[in-house]
Amino acid sequence: MWTRFRKWGIALSLSNFAEKIRFFDTTLRDGEQTPGVSLTPKDKLEIARKLDELGVDAIEAGFAASTEGEFEAIKLIAGERLKAEIFSFARANKKDIDAVVGSDADGVFLVIPSSEIHIKHKLGKKYEDILKLAEECIQYAKDHGLKVEFGAEDATRSEEQFLKKLIAVSVDAGADIVTPCDTVGVLTPEKAHAFYSDLVKSFPNVAFSVHCHDDFGMAVANSVAALRAGAIEVHTTVNGVGERAGNAALEEVAVTLELLYGVKVPIKMKLLYEASVLVSKLTGVPVQPNKAIVGENAFAHESGIHTHAILSNPLTYEPIPPDLVGRTRRLVVGKHAGSRGIKAVLNEMGIFPNEEQLKEIFAKVKMLGDKGKRVTDSDLVSIAGATMNLPLQRPLELQELTVVTGNKVTPTASVKLKVKGKVIVAAATGVGPVDAAINAIRRAVQTIEPIKLDGYYVKSISGGTDAIVEVVVHLSKGDMTTTAWGAREDIVMASVEAMLSGINNIISRGNAADPQREESLNKSV
């Protein structure tokens, strides 16, 4: 289906890809080691289910020996009987391995340092000690029924002959897969290809995996290079989360293999964005707007030159079809926008200005942009309404909002909304007053509009405790997306204002797209 996109990849004759590439996801272990991230067993289970639905072959669910919570989480996930194999991290000692066995995990990612700097300065041991330790621990894990993936830590800075000797010992001891880790991300694509080509040639019957960190921004490129050289498995994390600069991003590796190399992967592409949003939400690590595949701007177009071409043929500026990865194209209005793009956005909202009106709207949008103002969909509707003398349409109106919070009170909000003359009341809790207020609004609106909050951004416009804050939200309903903003001295009210403005945009656009929807909306309330 997507073969027309693959012609931009490098020559496949240069590749030695395995017939089936395994995805070993370590979002719940290496990803959770992102500074400041701490997942509960419930959080981990939710992410594990999504990873399994996504189609990964193995899930490293945590480090069983580290805490009781980690042990509980792995046991909980293992008890789900997911299709993916469940692994736990372990160091080279029997206590760690016993914890993995007790957690009911299918396998262990057993990591032992292989570089001189780690062996000498971290462990205070000698090369001979490491060989003996690897042999004993791998045999012990195998004797206890575990599948063993042996990780040679800092392998890419290891002495070549010792690394090969360690790999030979690990395989003789029963290791099922060997992972020479690029622990501090020092590989380059050329080095990665040469490094793995040599290992695959030296050990033709060994299954190799690749584990890359992103310290130099090349984790994905290095992972793909290793797979090209014959590695059969790749370690990834959703959104590339992980220690320091993170790990190879699952979504980037999967899409690169499929579209640029024509390699079939087990990942269900349409679920990539859902997985990204879930991991970002539960880890509290935001996805940078310009992040490949899953970033807010990955399929957004503002430049007039770009939008003009996109409207003629999406292939002009979209090497990845948005729907392949569960995304939708978004045309953005702003100082770089062209009149054709602005017209397309307005038409999608059910607003059809004539040429003179469009010129005036275009000029006003440019003026706002030149002042450094971010022009949201709500702004565009207001500009068009004033220019065309359109009646103000606000299907949803706030009648009442009450928020209760405190150090000994669970933040709770109740909201009363009016929709087409009908009243909807709802209440919800949250981690804070803003979260509670937004949750209450979403709960109230959910019965008539299944709207998702995809992004929430806040900044202070002025200093001091009485500062005016600006809140921008990104909302979606199916393929329909919108942006809206609110500005108040009260961050709760600014957030509510932005939410209601965005929801009104989506309701109005839905009405414009479906004239019969007006009647169904009235019936629903």
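Residues numbered from 1 in each chain as written. Predicted model: local features only at pLDDT ≥ 70, side-chain atom pairs only at ≥ 80, totals over all residues. Heavy atoms only, no water.

> Summarise the overall build of the chain; cite the residues concerned and give the values.
On a plain count of helices and strands, the chain comes out with 18 helices and 16 strands. Taken across its 525 residues, the chain has 52% of its residues classed as buried. Summarising the internal contacts of the chain: among those between residues at least 6 apart in sequence, 64% fall at separations of at least 24. Roughly 23,800 Å² of accessible area belongs to the chain as shown, and the carbon and sulfur atoms make up 52% of that amount. (Helix = DSSP H or I, 4+ residues; strand = E, 2+ residues; numbered from the N terminus. Buried < 20%, exposed > 50% of the residue type's maximum accessible area, 1.4 Å probe, protein only. Contact = heavy atoms within 4.5 Å. Areas by Shrake-Rupley, 256 points an atom, 1.4 Å probe, with all protein chains shown as cover.)

> Can you tell me about the nonpolar core, naming the residues and giving the values?
Membership of the largest hydrophobic core comes to 93 residues, with the highest contact counts inside it found for Ile-21, Phe-23, Ile-59, Leu-257, Ile-267 and Leu-272. With 7 residues, helix α6 (residues 127–143) is the single largest residue contributor to this core. Contacts of Leu-257, omitting those with residues within four sequence positions, involve Phe-17, Ile-21, Phe-23, Val-224, Leu-227, Gly-262, Val-263 and Val-265. With 33 residues, the next largest nonpolar core counts Ala-426, Ile-441, Leu-475 and Ile-506 among its residues. (Core = buried A, V, L, I, M, F, W, Y, C linked by side-chain atoms within 4.5 Å.)

> With reference to specific residues and values, describe the packing of aromatic side chains.
Following the criterion strictly, the structure yields 8 aromatic pairs and no others. Aromatic pair Phe-195 and Tyr-196: ring centres 5.4 Å apart, planes at 80°, arrangement edge-to-face. Of the residues examined, Tyr-196 reaches a relative accessible area of 1% and is grouped as buried. In this structure, Arg-327 packs its charged tip against the face of Tyr-273, placed 4.1 Å from the ring centre. (Phe/Tyr/Trp six-rings, centres within 6.5 Å; stacked < 30°, edge-to-face > 60°. Lys NZ or Arg CZ within 6 Å of the ring centre and 35° of its normal.)

> With reference to specific residues and values, describe the sheet that holds strand β7 (residues 209–212).
In a beta sheet, neighbouring strands pair by backbone hydrogen bonds and run either parallel or antiparallel. With parallel pairing, the 8 strands of this closed barrel are ordered in space as β1-β2-β3-β4-β5-β6-β7-β8. Sheet twist, expressed as the average angle between the axes of neighbouring strands with direction ignored, equals 25°. With respect to the sheet, helix α4 (residues 94–102) is in contact with β3 (85–90) and β4 (107–113), its orientation differing from that of β3 by roughly 155°. (Pairing = 2+ DSSP bridges. Axes fitted to C-alpha atoms, helices over the stretch in contact; angles between N-to-C directions.)

> So what about the sheet that holds strand β12 (residues 409–419)? Which residues, and what values?
With respect to topology, 3 strands assemble into an open sheet ordered β11-β12-β13, the strand pairing being antiparallel. With one partner strand each, in any of the chains shown, β11 (396–406) and β13 (422–429) form the two edges of the open sheet. Adjacent strand axes in the sheet meet at a mean angle of 10°, parallel and antiparallel pairs treated alike. Strands in contact with helix α16 (residues 433–446) are β11, β12 and β13; relative to β13, the strand with the most contacts, it is inclined by about 140°.

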